[in-house]
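# Summary of structural features
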Amino acid sequence: MSETATKRIALDRSSRKGAPQGTPPAARAKPRRSLSDRLFAIWGILVLLFLFAPIIVILVYSFNTGRLLIAFDGFGIEPFLTILNKPAIQNAVWVSIRSGVLSALFATAIGTLAGVAMARRPGKWVGWFLVVLVLVTVTPEIVDAVSLLPWVVFLGQDLGLTIFNDGIFRLVVGNSLFSIAVVSYIVRARLVGISESLEEASADLYAPPLRTFWRITLPLAMPAVLAGGLLSFTLSLDNTIISSFVSVSGTTPWPVYVLSAVRSGLRPEIASVSTLMLIVTLLSLVLVAWVLKRSGDSATEIARTMAGG
Amino acid sequence: MPKLRLPKATLALPAWVWLLAFFAAPVGLIIWYSFGYKPSIFGTHANDILSLDRYAEALSPTFFSTFSNTLWVGVVGTLACLIIGMPVAYWMAVKVPTAKRGLLIAAIMIPFWTNFLVRTIGWQIILAPQGWLSQGLQAVGLIDGPLEILYTRTAVLIGVIYNYLPLMILPLFVAFDRVGEPLREASKDLGAGRLQTFLRVTIPLARPGIIAGLLLVYIPLMGDYITATVLGGAKGNMAGQLVAAQFQSAQNWALGSAMAVVLILTILLSAAVLGLIIWLATLPFRSHYRLRLGAEA
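Residues numbered from 1 in each chain as written. Chains lettered and ligands numbered in written order. Predicted model: local features only at pLDDT ≥ 70, side-chain atom pairs only at ≥ 80, totals over all residues. Heavy atoms only, no water.

## Looking at empty space enclosed by the protein
One simple way to see leftover space: roll a probe sized like a water molecule over the atoms. Evaluation of the coordinates by the stated rule reveals three cavities of 30 Å³ or more. Every residue along the wall of the second largest cavity is listed here: Pro54, Ile55, Ile58, Ser274 and Leu278 of chain A together with Thr114, Val118 and Arg119 of chain B. Contributing elements (two or more residues each) for the lining of the second largest cavity: α3 (35-61) and α13 (268-294) of chain A together with α6 (116-127) of chain B. The element that contributes the greatest number of residues to the lining of the second largest cavity is α3 of chain A, accounting for three residues. Looking at the lining of the second largest cavity residue by residue, the class counts come to five nonpolar, two polar and one charged. (1 Å grid on protein atoms, 1.4 Å probe; cavity = no way out; pocket = protein on both sides within 12 Å on 5 of 7 lines; lining within 4 Å. Points joined across faces, edges and corners; volume = space filled by probe spheres on them. Helix = DSSP H or I, 4+ residues; strand = E, 2+ residues; numbered from the N terminus. Nonpolar A, V, L, I, M, F, W, Y, C, P; charged D, E, K, R; others polar.)

So this is what it looks like as structure tokens:
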């Protein structure tokens, strides 16, 4: 009796398995291009054009030979050559790169540690820590900016901690807050999705905790660490509001230079520098995507990692 | 195993210390300043007499009108990002073949990784009365005179929608992608139409992503004053500009601090109200039982 029952179940299963193989493949194989699919595609492409419009404009206007950026005069590479005679611009870009690299390294280091701790040592503290991270993320930049200014002035002048009078250090502090939160999220998200068994195996094989961290945990988290580091770097390059408050004259970062130019009059060199920076950013993006791809992540996973989900 | 357990929570210690020192402490400081006053022309703040006067000053009519303006731009901009971004995210996650997705995601992100300020300047060029768009529209005959959008609230709105749209598309994409083909197929097999599947399966499951997208756009947008500075002019004032001016030109840190606190409270409160409205509005579409994805998805 039980035999027939199992047989019937087996039959049931096979028929159920067989059923979907019968009809759908043919239906699926032919590309159905319904009207709604086309509308979605058209909308998507329109939005992409919208997203690229000002960038294309900046690319074109970076060859503007006129005196003012906004009035296109002629096409030429003069604005690019002008950069060579403008130490203020070179200095601003250099300040941005230095402070960006430093804050990315710093934020990635302590953000990774925090992310690992959250994923591997869950407890009540994680809730509290997440509250702080969420607060950092949701506080508008302008509030961070106006609160950091009195604070660094207080630390640097009233308490005499001279490091807070250093322009680059101030920028690193200003850039680091949001970046730390982003790196912590991304690293945590990555490690939460990976079981702890490898680390346990490593510990069972008598690896000391530090070696387990270097040889197992960190390599597992690496795609997230890289994505987080790159995100922090670009976030720092982009940081305008906080930078404009905490920066010291002499160490003006690039966005703050542009912001002051908005008030005093924009010249075409600004677009040319942006074009050069865009090329550099794109190259570094391609590099990171390539590294991530080599480590075996699919495109969707890369996006997921970068979006912090 | 107990050997391994020792030091790990302490890994978060540097982040704790840093965030307390450079986030919690400074914000605490301006909350403290907001109860003080500006002592003289040269002083920026004093706290020997504590009062709520700066808050009364902060809620003046000019400030109020700027705030309502900010709120309008914030709400309309966020909703516009949702309406524009949702079909794009859905298209990328559902309609586009997997192989092409990476390229599209990169395309969405490239603008996002170009300098914020420079992109906004790009819009200044596009929207200028003597710019290409204006000339093109005039040539086609859609408008009679030069385009008069620049330095108005509309320009600010276009600018913020542009600047924050990727922040809406990416979490929505991740959310739609997580829902996955099988659940939609199952819904169709059980007799649901396309719209019903979208409203009763895809949307409820993508809700965390939708909420994340709304917050990611709304909060920085409300605090943004760069876009308004570049595209807004006098008519498009945003609250962030007022706060900044108290610190940078008026040198009244007490009033500026009070305004900053009011700004945070407005953002949190309005986000809560918006959340409530959205929750109520979607109530009819909600199924009676809860649909949830596995933790590993």
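Additional details are given in the paragraphs that follow.
## Here's the deal with the pattern of salt bridges
Residues and elements named next belong to chain A. Counted by the stated rule, this structure contains six salt bridges over all chains. In this structure, arginine 120 engages glutamate 199 in a salt bridge whose closest nitrogen and oxygen atoms are separated by 2.9 Å. Note that arginine 120 is positioned in helix α5 (residues 87-120) and glutamate 199 in helix α9 (residues 197-204), a separation of 79 residues in sequence. Across the pair, exposure class does not vary: arginine 120 and glutamate 199 are buried alike. Bridged by salt links that share partners, the residues Lys86, Arg267 and Glu269 form one connected network. (Salt bridge = Lys/Arg side-chain N within 4 Å of Asp/Glu carboxyl O. Buried < 20%, exposed > 50% of the residue type's maximum accessible area, 1.4 Å probe, protein only.)

## What about the interface of chain B and chain A?
Accessible area lost during the coming together of the parts is what is often quoted as the interface size. If you look at the interface, chain B gives 80 residues, while chain A gives 87 residues. Each partner contributes to the roughly 8,000 Å² buried at the junction of chain B and chain A, and carbon and sulfur atoms together form 81% of this total. Taken together, the connections running from chain B to chain A amount to one salt bridge. For the side of chain B that touches chain A, the element with the most residues is helix α2 (residues 13-33) of chain B, which contributes 14 residues. Among the residues making up the side of chain B that touches chain A, the classes are represented as 61 nonpolar, ten polar and nine charged. (Contact = heavy atoms within 4.5 Å. Buried area = accessible area lost by both parts, 1.4 Å probe.)

## Digging into the packing of aromatic side chains
If you walk through the whole model with that rule in mind, you get 25 aromatic pairs over all chains. Consider the rings of tryptophan 125 of chain A and phenylalanine 129 of chain A, whose centres lie 5.9 Å apart with planes at 50°: the pair is tilted. A residue pair is termed a helical-turn pair when its members lie 3 or 4 positions apart in one helix, as tryptophan 125 of chain A and phenylalanine 129 of chain A do in helix α6 (residues 124-138) at four residues. Look at phenylalanine 129 of chain A and you get buried, because its relative accessible area is 0%. Clustering of aromatic rings is evident, with ring pairs tying together Phe106, Phe164 and Phe169 of chain A together with Trp18 and Phe22 of chain B. (Phe/Tyr/Trp six-rings, centres within 6.5 Å; stacked < 30°, edge-to-face > 60°.)

## Details of the confidence of the model for chain A
Mean pLDDT over chain A stands at 82; residues scoring 70 or higher make up 84%. Taken together, the stretch residues 1-30 of chain A has pLDDT below 50 and engages in two contacts with residues farther than four places along the chain or on a different chain. (pLDDT = per-residue confidence, 0-100.)

## Some details on the nonpolar core
Counting residues in each nonpolar core, the largest one holds 147 residues, and the members touching the most others are Ile142, Phe245 and Trp254 of chain A together with Phe22, Met92 and Ile121 of chain B. Examining the composition of this core, we find that 17 residues originate from one element, helix α8 (residues 153-179) of chain B, more than from any other. Leaving out residues up to four positions away in the same chain, phenylalanine 22 of chain B has contacts with Leu148, Trp151, Leu155, Phe164, Val173 and Leu177 of chain A. With 14 residues, the next largest nonpolar core counts Ile186, Phe213, Leu218 and Ala221 of chain A among its residues. (Core = buried A, V, L, I, M, F, W, Y, C linked by side-chain atoms within 4.5 Å.)

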